[in-house]
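Residues per chain are reported as follows:
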Amino acid sequence: MSTFWSIATFIIATVASGVADQSPSSLTERVDMIELNHFVDENGREVFQQLIFYDWSKQEKRFHVRAWRLVKKPSQLPTRRWNPTLYECVWHDDGVRKMVTSASMRETWSQQDPERVNREFLSEDRRIPLWDSHTAQANGETTSR
């Protein structure tokens, strides 16, 4: 009987350590606001679209950028959900499904990059990442351009 328990313990330990080393297949985060920004040139032509994820700073009474990403395909645009009422953005990075949700969304058109402007109030190194650094590094994520 002790051989059985030794083998069972070994199998459980192996499976548990393997699961701990793997990155998750799905990550979800909630933010205070999602911005869909259309960056336009001097003639009003769209240069790129980006998603900017914000949290509200009670101390500074303003939104602070947590992260951003370029919109590469229409499926990455925010989608309105009704039950519960929220907006969600979903994309896949290296086999990992990532979703960010928010109760608020705004859409802007600008010739200034709102994410870069926000750096004047909160530098990139002080931002709260969407996911912990271990998970983000495992999935090749960065917050700088």
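Everything numeric in this text was worked out from a predicted model, so none of it was measured. (Residues numbered from 1 in each chain as written. Predicted model: local features only at pLDDT ≥ 70, side-chain atom pairs only at ≥ 80, totals over all residues. Heavy atoms only, no water.)

### Topic: the pairing of strand β5 (residues 79-82)
Reasoning step 1: Bridge analysis of β5 against strand β6 (residues 85-93) gives four bridges, and the strand direction is antiparallel. For R81, the partnering residue across the bridge sits in β6 and is L86.
Reasoning step 2: The hairpin formed by β5 and β6 contains two residues between the paired strands. (Pairing = 2+ DSSP bridges. Helix = DSSP H or I, 4+ residues; strand = E, 2+ residues; numbered from the N terminus.)

### Considering unusual backbone geometry
For residues besides glycine, phi is generally negative; the peptide bonds are generally trans as well.
Reasoning step 1: The step from N83 to P84 runs through a cis peptide bond, and the omega angle for that step is 0 degrees.
Reasoning step 2: Even without a glycine there, the phi angle at K61 is positive, about 55 degrees.
Reasoning step 3: Relative to the helices and strands, K61 resides in the loop between β3 (46-57) and β4 (62-70).
Reasoning step 4: Residue K61 is classed as exposed on the basis of its relative accessible area of 63%.
Reasoning step 5: For D94, which is not a glycine, the phi torsion comes out positive at approximately 50 degrees.
Reasoning step 6: Note that D94 resides in the loop between β6 and β7 (96-102). (Buried < 20%, exposed > 50% of the residue type's maximum accessible area, 1.4 Å probe, protein only.)

### Some remarks on the side chain of R127
Reasoning step 1: Looking at the element boundaries, R127 is found in the loop between α2 (114-118) and α3 (133-138).
Reasoning step 2: Among the polar contacts made by the side chain of R127, one reaches the side chain of E115 at a distance of 2.6 Å. (Polar contact = N/O pair within 3.5 Å; in protein donor to acceptor, adjacent residues only side chain to side chain.)

### Here we look at the sheet that holds β4
Reasoning step 1: The strand order across the open sheet built from four strands is β4-β3-β2-β8, with neighbouring strands paired in mixed fashion. Only two strands of the sheet have a single neighbouring strand rather than two, namely β4 and β8 (105-110). Taken pair by pair, the neighbouring strands of this sheet meet at an average axis angle of 30 degrees, ignoring direction.
Reasoning step 2: Pairing between β3 and β4: eight bridges, direction antiparallel. Within the sheet, the bridge partner assigned to Q50 lies in β4 and is L70. (Axes fitted to C-alpha atoms, helices over the stretch in contact; angles between N-to-C directions.)

### Re the environment of R81
Reasoning step 1: Mapped onto the fold, R81 is located in strand β5.
Reasoning step 2: Of the residues examined, R81 reaches a relative accessible area of 36% and is grouped as partly exposed.
Reasoning step 3: Once the C-alpha coordinates of R81 and A103 are considered, the two residues, 22 residues apart in sequence, prove to be 9.7 Å apart.
Reasoning step 4: Sequence-distant contacts of R81, defined by excluding residues within four places in its chain, comprise L86 and E88.
Reasoning step 5: One polar contact links R81 to E88, side chain to side chain, over a distance of 2.9 Å. (Contact = heavy atoms within 4.5 Å.)

Purely geometric stuff here, so don't read any function into it on its own.
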